[in-house]
Amino acid sequence: VLRCLGIPTRVITNFNSAHDKNLNLSIDKYIDMSGNNLHLSEDSVWNFHVWNESWFIRRDLGSFYDGWQVLDATPQEKSKGIYQCGPASTRAIKEGDVNLDYDSPFVFAAVNADCVTWIRYSKKKKERIYSDTRKIGKFISTKAVGTNSRVDVTANYKYPEVKEIPFKISYSQYKNSLMDDRKILVTAV
């Protein structure tokens with residue numbers, strides 16, 4: 001419909017799409033001390049989810065947020081009392097501006113939530129035991145114009161994941177660092 005009105009629009013597919021039911025920007029899994037799933041969260045990760053983007057000028061949010069906007073014609077959650085999603089600025093999603101209207105936190109979580117596993121010891125005590133910051137929002141894609149090729153638009157939604165740098169030191173370096181710590185402790189006393 002938007003294309004018929006002359007508004008540039010394209011279909012977007014997000015692989016490993018988070019469904020953050022409670023809007024805490026993470027996908028939480030709770031287990032007991034034996035490792036059994038407690039089913040305390042309605043969060044989930046879908047193999048993929050599809051939505052549309054349309055190109056808008058955002059007078060309501062400011063020109064910084066002009067450009068591609070997320071619109072989901074099949075929203076799974078209510079927003080302001082009705083089933084709707086968007087228009088959420090992809091620029092806002094990338095910058096983490098989750099305080100904006102139009103479902104920015106929900107879309108941010110769909111492409112960038114952390115998957116967190118918690119051990120629940122009691123109703124009042126839980127401990128985070130694992131966090132995967134890279135699982136969500138893979139190969140965010142659209143179709144190329146004039147061909148059936150895939151165009152990766154992940155960079156429109158999120159910054160590149162930080163790569164971990166392996167850190168290794170020899171035992172002698174470690175032992176020497178302990179000696180340095182003792183020197184600092186003695187000096188401080």
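Right above here is the structure, for reference.
Residues numbered from 1 in each chain as written. Predicted model: local features only at pLDDT ≥ 70, side-chain atom pairs only at ≥ 80, totals over all residues. Heavy atoms only, no water.

Draft legend 1. Spotlight on the environment of Q84. Its location among the elements puts Q84 in the loop between β6 (82-83) and β7 (88-89). Sequence-wise, Q84 and T74 are 10 residues apart; in three dimensions their C-alpha atoms are separated by 7.8 Å. Those residues in contact with Q84 that lie beyond four places of it in its chain are P75, E77, S79 and D103. (Helix = DSSP H or I, 4+ residues; strand = E, 2+ residues; numbered from the N terminus. Contact = heavy atoms within 4.5 Å.)

Draft legend 2. Seen up close, the packing of aromatic side chains. Evaluation of the coordinates by the stated rule reveals 5 aromatic pairs. Over the face of the ring belonging to W68 we find R10, whose NZ or CZ atom lies 4.0 Å from the ring centre. When the ring centre of Y121 is taken as origin, the NZ or CZ atom of K125, which lies over that ring, is 5.1 Å away. (Phe/Tyr/Trp six-rings, centres within 6.5 Å; stacked < 30°, edge-to-face > 60°. Lys NZ or Arg CZ within 6 Å of the ring centre and 35° of its normal.)

Draft legend 3. The nonpolar core, seen in detail. Counting 13 residues, the largest nonpolar core has W51, I93 and Y157 as the members making the most contacts within it. Among the elements that make up this core, the one with the highest residue count is helix α2 (residues 104-112) (4 residues). With near-sequence residues (within four places) excluded, W51 lies in contact with R10, V11, I12, N14, S17, V70, L71, D72, A110, V111 and Y157. (Core = buried A, V, L, I, M, F, W, Y, C linked by side-chain atoms within 4.5 Å. Buried < 20%, exposed > 50% of the residue type's maximum accessible area, 1.4 Å probe, protein only.)

Draft legend 4. The arrangement of a nonpolar patch on the surface in detail. Taken together, the side chains of V11, F15, F48, V50 and F139 define a hydrophobic patch exposed on the protein surface, amounting to about 450 Å² of accessible area. Elements with a minimum of two residues in the nonpolar patch: β1 (9-19) and β3 (44-56). (Patch = residues over 30% accessible without salt bridge, like charges linked within 9 Å, V, L, I, M, F, W, Y side chains within 5 Å. Areas by Shrake-Rupley, 256 points an atom, 1.4 Å probe, with all protein chains shown as cover. Salt bridge = Lys/Arg side-chain N within 4 Å of Asp/Glu carboxyl O.)

Draft legend 5. View of the layout of surface pockets. Estimates place the volume of the largest pocket at around 250 Å³. Lining the largest pocket we find 16 residues, and of these I27, D28, K29, D43 and V116 sit closest to its centre. If you tally residues by element for the lining of the largest pocket, the top one is strand β2 (residues 26-31), at 4 residues. Its residues assigned to classes, the lining of the largest pocket comprises 7 nonpolar, 4 polar and 5 charged. By volume, the second largest pocket amounts to about 160 Å³. Around the second largest pocket, the lining comprises 13 residues; the ones closest to its centre are L23, E77, K78, D103 and F106. Of all elements in the fold, only β5 (78-79) and α2 reach the threshold of two or more residues within the lining of the second largest pocket. (1 Å grid on protein atoms, 1.4 Å probe; cavity = no way out; pocket = protein on both sides within 12 Å on 5 of 7 lines; lining within 4 Å. Points joined across faces, edges and corners; volume = space filled by probe spheres on them. Nonpolar A, V, L, I, M, F, W, Y, C, P; charged D, E, K, R; others polar.)

Draft legend 6. Looking closely at empty space enclosed by the protein. Applying the stated rule across the entire model yields 1 cavity of 30 Å³ or more. Empty space within the largest cavity amounts to approximately 90 Å³. H49, W51, D72, F106 and A110 are the residues nearest the centre of the largest cavity, which is lined by 15 residues in total. Contributions of two or more residues to the lining of the largest cavity are made by β1, β3 and α2.

Draft legend 7. Main features of the sheet that holds β2. In spatial order, the strands read β2-β8-β9; together these 3 strands make up an open sheet with mixed pairing. Each edge of the open sheet carries a strand with a single partner, namely β2 and β9 (126-132). Direction aside, neighbouring strands of the sheet carry axes that sit 25° apart on average. Sheet topology places strand β8 (residues 114-120) next to β9; 6 bridges connect them, and they run antiparallel. (Pairing = 2+ DSSP bridges. Axes fitted to C-alpha atoms, helices over the stretch in contact; angles between N-to-C directions.)

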